[in-house]
Amino acid sequence: LENSRKTMPLKTEEMLLNVGPQHPSTHGVLRLEVTTDGELVTSAEPTIGYLHRCFEKYAETLTYQQIIPYTDRLDYLSSMNNNFGFVVAVEKLMGIHVCERAERIRVIMAELNRIASHLMFIGSFSNDLGAMTPFLWCFRDREEILKIFEEVSGARLLYNYYRIGGLAADLTPGIEEKIYSFLNQFEAHMLELDDLFTRNAIVIARLKGVGMIPREMAIAYGLSGPMLRASGVDWDCRRDEPYSIYASLRFEVPVGGEKLGALGDCYARYLVRRAEIDQSVSLVRQCLADIPPGDVKEQVKRNVRPPVGEVYVRTENPRGEIGFYLRSDGSTKPSRVKVRAPSFCNMSVFSRISKDILVADMIAILGSVDIVLGEIDR
């Protein structure tokens, strides 16, 4: 009996755990059905659908102008960018030209929103890893951006600022100086964040080599945005399928690899977003440098009637490509609306890269995907 005990393999029993939909690390009402063997995750299946909004079918009952505030509620951390994508789609369908002043202001607001979104990512991501100070620092700087948005649009989260053919309102007096002042302080704050978090040896040890997504896998799963670029795919809609005035602006597209210092892992996905913040600061400065005069109010009738036809436009949301498909029957309401949501597509790879890892690594991987559930359950 004693000899048999020595040769008998140790048997363990798997445990099924539900992480979410109330768990703070799920960043929203997401349920992860996790199978564990001790501290080892053998499988993790996301369950979505708790926040379904019926956006696409409901949008088909609204006029084109009425749909704009509902795009705010898709990815509610990137409301300006969602507005941007939708109005560009309608303008392309109608062949509308937008004045340069309105286009420059659109880009300023979209890039400020990209910075605010990435700050939310860094803050929540650091909190998931157990670091509280970066969370507070990021929210401090994000608050200054929200003050700018509030002054311009009257709202702090759901802005409803873009209009088909223009904007809801022009910049308020003195707001340009406030944006410049914020950018000057913010750039210094980001250098402090790099010393505290980006180059932190503990952070690097937690993220390097975790959640690897090779280039081929990223393409096969339809990833986009920082998720795709972190795996070494050099693609950005703003540069490669330019819309608005992005073709006339100078900026680099951060891509995972030797230059960035990481490729395909959680650390690469963090570094891409951190580098994109610097590029967005540069874009805002370029647009502020020489804003021409002009009327930013929409130059189209309130009852928009696009010609019969269809259009698909994709723009660069902070989480990836957001695509709007619209079909017009010539009336004031679209006959078909379809949204390609980046968070939904990016989340598809989660189960593939969440096998044979530690529970703590699974939390880091989920944070690195940077999802917003309003967009997944659109």
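Placed above this text is the structure.
The rules behind these values
Residues numbered from 1 in each chain as written. Predicted model: local features only at pLDDT ≥ 70, side-chain atom pairs only at ≥ 80, totals over all residues. Heavy atoms only, no water. Helix = DSSP H or I, 4+ residues; strand = E, 2+ residues; numbered from the N terminus. Rg over C-alpha atoms; globule rule 2.2 N^0.38 Å. Buried < 20%, exposed > 50% of the residue type's maximum accessible area, 1.4 Å probe, protein only. Areas by Shrake-Rupley, 256 points an atom, 1.4 Å probe, with all protein chains shown as cover. Lys, Arg positive; Asp, Glu negative; His and termini not counted. Charge placed at Lys NZ, Arg CZ, Asp CG, Glu CD. Polar contact = N/O pair within 3.5 Å; in protein donor to acceptor, adjacent residues only side chain to side chain. Contact = heavy atoms within 4.5 Å. Pairing = 2+ DSSP bridges. Axes fitted to C-alpha atoms, helices over the stretch in contact; angles between N-to-C directions. Disulfide = S-S within 2.5 Å. Left-handed = near helix turned anticlockwise from the far one by under 90°. Nonpolar A, V, L, I, M, F, W, Y, C, P; charged D, E, K, R; others polar. Phe/Tyr/Trp six-rings, centres within 6.5 Å; stacked < 30°, edge-to-face > 60°.

Asker: I'd like to hear about the overall build of the protein chain, residue by residue, with values.
Answerer: Per the secondary structure count, the protein chain includes 16 helices and 9 strands. What you see for the protein chain is a C-alpha radius of gyration of 22 Å, in line with the 21 Å of a compact globule of 378 residues. When the backbone C-alpha atoms are referred to their principal axes, the protein chain occupies close to 90 × 50 × 35 Å. Within the protein chain, the fraction of its 378 residues that count as buried is 55%. Carbon and sulfur atoms make up 53% of the accessible area of the protein chain, which amounts to about 16100 Å² in all. In the protein chain, 45 positive and 50 negative side-chain charges are present, and the distance between their average locations comes to 4 Å.

Asker: Got a sec to walk through the side chain of Glu56? Specific residues and values, please.
Answerer: Take Glu56: it is sitting in helix 2 (residues 55-59). Classification of Glu56 as buried rests on a relative accessible area of 15%. A polar contact is formed between the side chain of Glu56 and the backbone nitrogen of Val339, at a distance of 2.9 Å. For Glu56, the residues in contact, after removing those within four places along its chain, are Val337, Lys338, Val339 and Arg378.

Asker: Quick rundown of the environment of Glu13? Include the residues and the values.
Answerer: Relative to the helices and strands, Glu13 resides in the loop between helix 1 (2-7) and strand 1 (15-19). You can call Glu13 exposed: its relative accessible area is 73%. Along the sequence, Glu13 and Lys259 sit 246 residues apart, while their C-alpha atoms lie 44 Å from each other.

Asker: Explain the sheet that holds strand 9 (residues 357-358) to me, and be specific about the residues and the numbers.
Answerer: The 4 strands lie next to each other as 1-2-3-9, forming an open sheet whose pairing is antiparallel. Edge positions in the sheet fall to strand 1 and strand 9, since each of these pairs with one other strand and no more. Where strand 1 lies against strand 2 (residues 31-37), 5 bridges are found, and the strand directions are antiparallel. Bridged to Asn18 within strand 2 is Glu33.

Asker: How would you sum up the sheet that holds strand 7 (residues 320-328)? Please name residues and give values.
Answerer: The strand order 6-7-8 describes an open sheet built from 3 strands, whose pairing is antiparallel. Strands with a single pairing partner mark the edges of an open sheet, and in this sheet they are strand 6 (309-317) and strand 8 (336-340). Averaged over all pairs of adjacent strands, the angle between strand axes in this sheet comes to 10 degrees, irrespective of strand direction. Alignment of strand 7 against strand 8, held across 5 bridges, turns out to be antiparallel.

Asker: Residue-level account of the environment of Ala230, with values.
Answerer: By the element assignment, Ala230 lies in the loop between helix 10 (226-229) and helix 11 (237-240). When the C-alpha atoms of Ala230 and Val272 are compared, they prove to be 6.1 Å apart, with 42 residues separating the residues in sequence. In this structure, Ala230 is in contact with Gly256, Leu263, Gly264, Ala268, Arg269 and Val272, ignoring residues within four places of it in sequence.

Asker: Tell me about the state of the cysteines, and name the residues and values.
Answerer: Scanning the entire structure with this criterion turns up 0 disulfides. Cysteine Cys266 is unpaired, with the sulfur of Cys138 as its nearest cysteine sulfur at 17 Å.

Asker: Go over the packing of helix 4 (residues 79-94) against helix 5 (residues 100-128), please, and point to the residues and values.
Answerer: Contact geometry for helix 4 and helix 5: axes closest at 8 Å, N-to-C directions at 145 degrees. As helix 4 runs across helix 5, the sense of the crossing is left-handed. Touching Ser79, Met80, Asn81, Phe84, Val87 and Glu91 of helix 4 are Glu103, Arg106, Val107, Met109, Ala110, Asn113 and Arg114, all from helix 5. Grouping the amino acids of the contact of helix 4 with helix 5 by side-chain chemistry returns 6 nonpolar, 3 polar and 4 charged.

Asker: For the packing of aromatic side chains, give the residues involved together with the corresponding values.
Answerer: The description of two aromatic rings rests on the distance between their centres and on the angle between their planes. Applying the stated criterion across every chain yields a total of 14 aromatic pairs. Aromatic pair Tyr267 and Tyr270: ring centres 6.3 Å apart, planes at 20 degrees, arrangement stacked. Of this pair, Tyr267 and Tyr270 both sit in helix 12 (residues 266-289), separated by 3 residues, roughly a single helical turn. Residues Tyr267 and Tyr270 agree in their burial class; the two are buried. An aromatic cluster is defined as three or more aromatic residues linked by ring pairs; in this entry it consists of Phe84, Tyr161, Tyr162, Tyr243, Tyr246 and Phe251.

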